[in-house]
Amino acid sequence: LVGISGAGHPNSMKGEYLNKAKIADGGKKLRKNWTSTWVVLEDSQLLFYKESKQEALSNLKPGCKPEMVDLCGATVEWTTEKSSRKHVFQITTSCGQEFLLQVDDYPTICKWHDAIKKTADILSKT
Ligand code: I3P
């Protein structure tokens, strides 16, 4: 994958803080609540940690596991309708979870959008 850097995985991106809102789970709509989240792309999964230091701890303590999102069968699309914020894209998973991700810095959010979309597209072809 061109343009995606990672520690040994062609399909990975090291963590960064993004604003995240989960707006549906299992097809059921949720109340929107934006939170700053440490996001890691690891192979076919997106990992959401509360804080960056939780990533290191998760290998040691079972209780520190991140929220894991399987990108197999997921769709990734920019949206201007789901939020008043700028630079928002939506991830819809095959099991009906919907997440919005956003940061004000356009190059940063583009990098994440492109990497997550590429991952989902590749998974749908294999
Ligand atoms: C929501 C909160 C969100 C906003 C959302 C509001 O209110 O202000 O930030 O989303 O708009 O409903 P509350 O805190 O009372 O739940 P955006 O920042 O993404 O616009 P929405 O209802 O249009 O999704």
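See above for the structure.
What counts and what doesn't
- Residue positions are given per chain, counting from 1 as you read along its sequence in written order.
- Only residues with pLDDT of at least 70 are given local features in this predicted model, and only at 80 or more are side-chain atom pairs given and counted; all residues enter the totals for whole chains, interfaces and linings.
- Hydrogen atoms and water are omitted, and side-chain values are computed over all heavy atoms in the structure.
- A pairing counts as a salt bridge when a side-chain nitrogen of Lys or Arg comes within 4 Å of a carboxyl oxygen of Asp or Glu.
- Each helix corresponds to a stretch of at least 4 residues labelled H or I by DSSP, and each strand to a stretch of at least 2 residues labelled E; elements are numbered beginning at the N terminus.
- Partly exposed describes any residue whose relative accessible area lies between the buried limit of under 20% and the exposed limit of over 50%, with all areas from a 1.4 Å probe on protein chains only and scaled to the type maximum.

A. Quick peek at the pattern of salt bridges. One pass over the full model with this rule turns up five salt bridges. Across the pair E16 and K111 runs a salt bridge, and its minimum N-O distance is 2.9 Å. Here E16, found in strand β1 (residues 13–25), pairs with K111, found in helix α2 (residues 106–125); they are 95 residues apart in sequence, far enough to count as distant. Using a relative accessible area of 39% as the deciding quantity, one classes K111 as partly exposed. Where E67 meets K20, a salt bridge forms, and the shortest distance between an N and an O atom there is 3.3 Å. Placement of E67 in strand β5 (residues 67–70) and of K20 in strand β1 is noted, with a sequence separation of 47 residues between them. Residue classification places E67 among the partly exposed residues on the basis of a relative accessible area of 26%. Taken together, the shared-partner salt bridges in this structure form one network comprising K20, K22, D25 and E67.

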